[in-house]
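# Structural overview for review
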Amino acid sequence: MDFKIKPDSCVACMACVRVCPADAVAVEGAIVRIVDEACTRCGLCLPACPHDAIEAVGDVPRALELALAGRAALILSVECAVYFYPAAPNQVVNACYAAGFRTVHRGVLGDELVAREYLDLWADGDWGTMIRSTCPVIVETVRTQYPELIPYLAPVATPIAAEARYLKQLHGVGTPVVYAGVCLTEGGPDVDAAITFEELADLFQRRGIVVSEQAEYFTRVPEERRRHLSMAGGLPLEVLLEETQASRRFRKVRGLSGLGAIARAVAVDRLDLGFVDILPCEGCLDHPLLGPRDELFRRRQIVGATEPARSRAPVVEEAVARGVKVAESFPISQNGHRPQTEAVEAVLKEIGLAPNGKPWDCGACGYATCRAFANAAALGRTTLRSCPPYLDKQARAAQLQAAVDGLTGLATYRVLRDRLASEVARSDRTGDPFAVLFVDLDNFKKVNDEFGHEAGNEVLRGAARECGAHIRTTDLAARYGGDEFVLVLVRTRVEGALGVADKVRATVEGMGRTLGYAEGLVTASVGVAEFVPGRGPETEDVLVAADRALYRAKASGRNQVATGER
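Keep in mind that this is a model prediction, so the values were computed, not measured. (Residues numbered from 1 in each chain as written. Predicted model: local features only at pLDDT ≥ 70, side-chain atom pairs only at ≥ 80, totals over all residues. Heavy atoms only, no water.)

## Thoughts on the overall build of the protein
Along its length, the protein carries 21 helices and 16 strands. The C-alpha radius of gyration computed for the protein amounts to 39 Å, which surpasses the reference 24 Å derived for 566 residues by more than 25%, pointing to a less compact arrangement than a globule. By residue count, 50% of the 566 residues in the protein fall in the buried class. For the protein, contacts bridging at least 24 residues in sequence account for 73% of all contacts bridging at least 6. Split by element, the accessible area of the protein, about 26,800 Å² in all, is 50% carbon and sulfur. Of the side chains in the protein, 65 bear a positive and 74 a negative charge, and the two mean positions are spaced by 2 Å. (Helix = DSSP H or I, 4+ residues; strand = E, 2+ residues; numbered from the N terminus. Rg over C-alpha atoms; globule rule 2.2 N^0.38 Å. Buried < 20%, exposed > 50% of the residue type's maximum accessible area, 1.4 Å probe, protein only. Contact = heavy atoms within 4.5 Å. Areas by Shrake-Rupley, 256 points an atom, 1.4 Å probe, with all protein chains shown as cover. Lys, Arg positive; Asp, Glu negative; His and termini not counted. Charge placed at Lys NZ, Arg CZ, Asp CG, Glu CD.)

## Observations regarding the packing of aromatic side chains
Taken as a whole, this structure holds 12 aromatic pairs when the rule is applied. A connected cluster of aromatic rings, assembled from ring pairs, spans Tyr83, Phe84, Phe197 and Phe204. Taking NZ or CZ as reference, Arg249 lies 4.1 Å from the ring centre of Trp122, over its face. (Phe/Tyr/Trp six-rings, centres within 6.5 Å; stacked < 30°, edge-to-face > 60°. Lys NZ or Arg CZ within 6 Å of the ring centre and 35° of its normal.)

## Topic: the pattern of salt bridges
With the rule as written, the count across this model stands at 28 salt bridges. Measuring nitrogen to oxygen at the nearest pair gives 3.0 Å for the salt bridge that ties Arg165 to Glu328. Taken together, the positions of Arg165 in helix α8 (residues 159-171) and Glu328 in the loop between α13 (318-321) and α14 (341-351) put the pair 163 residues apart, joining distant regions of the chain. For Asp432, the salt bridge is made with Arg491, and the minimal N-O distance between the two is 3.1 Å. You can see Asp432 sitting in the loop between α17 (413-430) and β12 (434-441) and its partner Arg491 sitting in the loop between β14 (484-490) and α20 (494-514), a full 59 residues away along the chain. (Salt bridge = Lys/Arg side-chain N within 4 Å of Asp/Glu carboxyl O.)

## Considerations on the sheet that holds strand β7 (residues 129-131)
Taken in spatial order, the three strands make up an open sheet running β7-β11-β10, and their pairing is parallel. Edge positions in the sheet fall to β7 and β10 (250-254), since each of these pairs with one other strand and no more. Sheet twist, expressed as the average angle between the axes of neighbouring strands with direction ignored, equals 20°. In this structure, β10 lies alongside strand β11 (residues 274-279), joined through five bridges in parallel fashion. In the sheet register, Lys252 faces β11, and the bridge partner there is Asp277. (Pairing = 2+ DSSP bridges. Axes fitted to C-alpha atoms, helices over the stretch in contact; angles between N-to-C directions.)

## Considering the packing of helix α6 (residues 108-123) against α8
Each pair of packed helices can be described by the angle between their axes along with the distance between the axes. Viewed as axis vectors pointing N to C, α6 and α8 meet at an angle of 105°, and their least axial separation amounts to 7 Å. Looking at the two axes, α6 sits roughly perpendicular to α8. Seen from α6, the contacting residues are Val108, Leu109, Gly110, Asp111, Leu113 and Val114; seen from α8, they are Pro159, Ala162, Glu163 and Tyr166. Class assignment of the residues belonging to the contact of α6 with α8 gives a composition of seven nonpolar, one polar and two charged. (Parallel < 35°, antiparallel > 145°, perpendicular 65-115°, else oblique. Nonpolar A, V, L, I, M, F, W, Y, C, P; charged D, E, K, R; others polar.)

## Examining the pairing of β11
Counted residue by residue, β11 has six buried out of six residues, so it is predominantly covered. Pairing geometry for β7 and β11, over three bridges, is parallel. Among the inter-strand pairings, Ile131 is bridged to a residue of β11, identified as Val276. Crossover connection from β10 via helix α11 (residues 258-268) to parallel β11: handedness right-handed. (Right-handed = clockwise from strand over helix to strand, strands pointing away.)

## Here's the deal with the nonpolar core
Judged by nonpolar contacts, the single largest core of 38 residues is most densely connected at Val32, Ile54 and Phe373. Residue assignment for this core shows that the elements contributing at least two residues are β1 (2-5), α1 (15-19), β2 (25-28), β3 (31-34), β4 (54-57), α14 and α15 (370-378). Those residues in contact with Phe373, other than ones at most four positions away along the chain, are Val347, Ile351, Cys365, Tyr367, Thr382, Thr383, Leu384, Ser386 and Cys387. Grouped together as the second largest cluster of nonpolar side chains are 37 residues, Val60, Val82, Val93 and Ala180 included. (Core = buried A, V, L, I, M, F, W, Y, C linked by side-chain atoms within 4.5 Å.)

## Some words on the confidence of the model for the protein
Model confidence for the protein is summarised by a mean pLDDT of 86, while 94% of its residues fall at 70 or above. In the model of the protein, helix α16 (residues 388-403) stands out as the element of lowest mean pLDDT, 76, in contrast to β14, which has the highest, 95. (pLDDT = per-residue confidence, 0-100.)

## Side note on unusual backbone geometry
Geometrically, the link from Tyr85 to Pro86 is a cis peptide bond, its omega value of 15° lying close to zero. Following the sequence through the fold, Pro86 ends up in the loop between α4 (80-83) and α5 (89-99). In this model, Met14 sits at a positive phi of 75°, which is unusual for a non-glycine residue. Looking at where Met14 falls in the secondary structure, it is placed in the loop between β1 and α1. A positive phi angle, close to 45°, is found at Asp361, a residue other than glycine. Mapped onto the elements of the fold, Asp361 is located in the loop between α14 and α15.

## Thoughts on the sheet that holds strand β6 (residues 103-105)
Spatially, four strands are ordered β6-β5-β8-β9 in an open sheet, and the strand pairing comes out parallel. Only two strands of the sheet have a single neighbouring strand rather than two, namely β6 and β9 (193-196). Geometrically, the sheet is characterised by an average inter-axis angle of 20° between neighbouring strands, direction not taken into account. Taken together, the three bridges between strand β5 (residues 73-76) and β6 define a ladder with parallel strand orientation.

## As for α8
Here α8 contains 13 residues, and its C-alpha end-to-end distance of 18 Å stays within 8% of the 18 Å for a straight helix at 1.5 Å per residue. Most of α8 is tucked away, with 10 of its 13 residues classed as buried. Among all positions in α8, only Pro159, Ile160, Ala161, Ala162, Glu163, Ala164, Arg165, Tyr166, Leu167 and Lys168 are buried. Elements in contact with the buried residues of α8: β5, β6, α6, β8 (177-181) and α13. (Expected span 1.5 Å × (residues − 1).)

## Describing the packing of helix α18 (residues 444-451) against helix α19 (residues 453-469)
At a minimum axis distance of 7 Å, the contact between α18 and α19 shows a crossing angle of 140°. On α19, the residues that touch Phe444, Val447, Asn448 and Phe451 of α18 are His453, Ala455, Gly456, Val459 and Leu460.

## A closer look at the state of the cysteines
Counted under the stated rule, the structure contains zero disulfides. With no disulfide of its own, Cys96 has Cys80 as its nearest cysteine by sulfur position, at a separation of 7.3 Å. (Disulfide = S-S within 2.5 Å.)

## Quick notes on the side chain of Thr129
Here Thr129 is to be found in strand β7. Under the relative-accessibility criterion, Thr129 is labelled buried at 5%. Within the structure, the side chain of Thr129 is placed 2.9 Å from the backbone nitrogen of Leu273, a separation counted as a polar contact. Ignoring sequence-local partners within four residues, the contact set of Thr129 consists of Tyr152, Val266, Leu271, Asp272, Leu273 and Gly274. (Polar contact = N/O pair within 3.5 Å; in protein donor to acceptor, adjacent residues only side chain to side chain.)

Quick look at the structure:
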C-alpha cells in the first residue's frame, strides 16, 4: 500500500510536509509527491491535508482477483466494526464470505502468537532495553531514521505477519492472504494483498454486495474471535497486570516523536529503559484512516461492544503454531538516506541567517528548522523555491540589481526616473527647489577607439566615483546611459549646483591625468538645470533643460559647465 497525492486537488500548502516525521514529502514548486522509499506509511499526512489531496491506495485489483478465485484467506482487523457502523461485524464478515473469501479471521490469532513470544522474552530479565516492535510504522521509522535503535528492537514479527504465516501453515503454503485494515504496512511480504476499509467497501460494491442487507447472524461458523493471552496489538495482558505503565521495567510511549528521546537515552546516555511499548498513535483505533481524533472514544465504545469474552484456554492450535516462525530479525544496513554534509551546508549558506545572526527556523517551508529543510533539499525532496527567506533574499538581490548599474555602481535610469518624480512632488509640497546636473564625457568614443573598451570602462568607473564623491547622502547620482551621468541635488539652488558641477568637471579632468591620458582627452561637460516649485519645469522638462545646458557647454568648447541661461 502507498499514500498518493492527487495533483488536481493539491495546492502545495505544505501541511503534509509539516506533519511528516520521515521527511518523505518532496516539493518542487507547485508539484508535491510522496517519496515511497522514505515513507513509513504512518498516515499522518492524510488528515493533515485540508484539501483532501492525499489518498491511501492499496492493491484492490489483486485483492479482487484473489477473492474471485475463492482460495484467499482474509484477515479483517477488528476496527472494521467502526468503519462499517451501524452494520454489525457479523454482517461485514458475511459480506466478506459472499465476496468470495475462503475464510475470514479477525487478527486475534496473530496477537496471540506474538503475545506468547513476548511472554518468553519478558521472563528473561537481562535485556536492558527492549522496544516493542509490533507496529510496522515504528520498525520502519527506526530502520530509516534511528538505526542505532535496531539492536534494541524486540525480535518479534508483527501480529498480521504472524497470523499470515499461521494461516498458510493451517490451510497450506500456497494459500493467498489478504489484509483489510488501517495500517498500510501490516504483514509485509507475508501478505499477498493489503487494502483499506474504503477499498474493501469498493470491492463489495464491485461484487454487488450490500453489507446492511447481510444476515445479522453468522452464516458460517465464525473463526476464533476470543483472546487468551493478548491485548489488541499483541501485548500480553499479564505484562499490563504485572507492571504499571510508569514502572522501571515497563514504559508506555505514544507518538513517533518519542523515538528521538529513546535514541538519546539508549545510544548517548547509555540508559536501560526496560520494556518500551511504543506506538505512533493510541492504537489502530486512533489511526488517521479511521477518522478525526475527537471521535476516538466513540470508536472505542463501538469496538468494545463487539469484543467477545476472554477464553480460559489457548485459542491457537499448538500443532500448527509450532510450525510458525514468530521471531523476526532486523539487519543493520548502512544508512544510505543521509545527505552529504557539504550539500546541506551549501543549502544553509544559500538561505543565510536572520538579522539576529541565528537560523531563520520560521517553518514556512514546512520543516521545523532550516537544517531539516536543508537535509530534505540535499536529498532532492524540496527546493529553495519553497524557502521564503531565500526567496526574499533573491528578491532583494534582484531589486538591488535593477537599481544599481553593474559597471559604475551608480543608480540606474529607472531609479532616476522614480526619484525625479518624487523630488518634484516633494518640492511642490514643501516649496524647496532642487537642481539636476547632466554630465557627459567629452572624448569617450576616442578613448574606446584608441585604447579599447576595457580602458573605456575604467574611465567610466572613475567618472562615476567623482560624481558620487561630491554629493550628499540625500542626493542621487545615476548613470543615464553610455557615458552620460545625472546628479539630483535636493534643496539646492542653481548657484550651489554650479559649484558642485565645476568640482565634478575638475576632478574628472584630474582623474584622466592620473590614469595617464593626454591633456584634454578625458574631460567632462556639465549642464545644470533648476526646478522651482510653481515655475517648473516638470519632471521631463528638468532633464531636457539640463540636457540643453549640456549642449551649451559642449558648444562652448567642452570641459565646461553651463546652464540653460548662460
